[in-house]
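What the coordinates show
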Amino acid sequence: MSLTGKAKLAGVIGWPVSHSLSPVLHGHWLKEYEIDGAMVPLAATREDFSTVIEGVRRAGFKGVNVTVPHKEAAFAIAHTADDAAKYAGAANLLVFRDNGTVHARNTDTYGLAASIMEVLEPAYLLGKRGVVLGAGGAARGVISAMVSPLGASWIHILNRDAHRADVLAKQFAAEGSETKLIPGSLDDWATAAKDAVLVVNATSAGMGANPPLNIDLSALRKDAAVCDIVYNPLETKLLKDAAARGHKTVDGLGMLLHQAVPSFEAFFGVSPIVTPALRAALVKVLGANK
Ligand code: NDP
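Rules and cut-offs
- Residues numbered from 1 in each chain as written.
- Predicted model: local features only at pLDDT ≥ 70, side-chain atom pairs only at ≥ 80, totals over all residues.
- Heavy atoms only, no water.
- Phe/Tyr/Trp six-rings, centres within 6.5 Å; stacked < 30°, edge-to-face > 60°.
- Lys NZ or Arg CZ within 6 Å of the ring centre and 35° of its normal.
- 1 Å grid on protein atoms, 1.4 Å probe; cavity = no way out; pocket = protein on both sides within 12 Å on 5 of 7 lines; lining within 4 Å.
- Points joined across faces, edges and corners; volume = space filled by probe spheres on them.
- Nonpolar A, V, L, I, M, F, W, Y, C, P; charged D, E, K, R; others polar.
- Domains from an automatic or database assignment.
- Buried area = accessible area lost by both parts, 1.4 Å probe.
- Salt bridge = Lys/Arg side-chain N within 4 Å of Asp/Glu carboxyl O.
- Polar contact = N/O pair within 3.5 Å; in protein donor to acceptor, adjacent residues only side chain to side chain.
- Helix = DSSP H or I, 4+ residues; strand = E, 2+ residues; numbered from the N terminus.

Some thoughts on the packing of aromatic side chains
Scanning the entire structure with this criterion turns up 5 aromatic pairs. Three or more aromatic residues joined by ring pairs form one cluster here, namely Trp29, Tyr33, Phe264, Phe267 and Phe268. Against the face of Trp154 rests Lys180, its NZ or CZ located 5.5 Å from the ring centre.

Points about empty space enclosed by the protein
Under the definition given, this model contains 1 cavity of 30 Å³ or more. There is about 40 Å³ of room inside the largest cavity. Every residue lining the largest cavity is listed: Asn201, Ala205, Gly206, Pro212, Leu213, Asp228, Thr236, Lys237 and Leu238. Tallied by class, the residues present in the lining of the largest cavity amount to 4 nonpolar, 3 polar and 2 charged.

With respect to the domain arrangement of the protein
You can read the domains of the protein as domain 1 (3–106 + 255–288) and domain 2 (109–250). Taking only C-alpha atoms, the centre of domain 1 and the centre of domain 2 are 26 Å apart. Between domain 1 and domain 2, roughly 1400 Å² of surface is buried when both sides are summed, and carbon and sulfur atoms account for 65% of that area. Considering only the side of domain 1, the residues that lose the most area to domain 2 are Tyr87, Met255 and His258, jointly responsible for 52% of the buried surface there. Across the contact surface, domain 1 and domain 2 share 0 salt bridges. Joining domain 1 to domain 2, the criterion identifies 1 residue pair in polar contact (both at pLDDT 80 or more). Counting residues per element, the ones that place at least two in the side of domain 1 that touches domain 2 are helix H4 (83–88), helix H10 (252–268) and helix H11 (276–288). If one sorts the elements of the side of domain 1 that touches domain 2 by residue count, H10 sits on top with 6 residues.

Rendered as structure tokens:
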């Protein structure tokens, strides 16, 4: 579909940005909903970030998706922010408002929650215990989703650097989280795993050529589910091992697809549906990028 002078434009900003799947995802929906619009990749270094944002805002863009390494900078330059972005101290979506202000959002929380609810029942974690592996940027969104809307009663946050897990647990507690947050190191895995119904890997271990986490899945209850937010490869060693032991598994592509829903709606005014056809299109691209 060719663009007209009235086309709605949005961007994805990162460094590098060529790996971003946002143009494929949004491009699929733009075609499906016959919208006169485009998602433009914007390669910007840290130094150029605010200049590029101001340039595209003035050029009439509706907003941008934000990827590595700009998520904290995006939060910092915004005039207003939603609770998820405030929790994370980072934004993956900037919406340019008609009054010239920039609104920061973090849709990772929504994406993870929607992905878990799609595969497991909505009340799967309600009042139960979970484990989050990792304490980096993505772990914040994951923990936030497990607190609300998923409603975990206890979350063990285990990280290679236990101090970072401690900092994260204290931040959530300070924000008044009713969920009990228990920080620890990866050495605490066996203790944390035994009562958990959901484990989420939010580390970058197992991504691309990174070695996988060395954890013993026999510590888990038989009915526990395992989610890995790493989506490249789609079936990580963690998920393969979990499936072989009979655990339900949730891959990282679901989170990636669902986190794009609020962005598309903010940019193009239509709330899109995550369909099997969209998932298949992304699986194809991920396969081709290997
Ligand atoms: P960060 O760099 O902020 O954090 C990395 C985390 O991984 C830290 O907790 C780090 O521990 C841990 N880690 C890295 N290597 C190892 C290892 N060998 N053993 C144990 N722990 C390790 O990254 P992000 O949080 O932004 O991203 C994490 C992963 O999540 C990436 O693979 C990313 O692609 C994926 N992701 C997926 C999304 C989706 O939509 N599916 C969305 C966002 C991210 P330490 O603190 O000790 O260094």
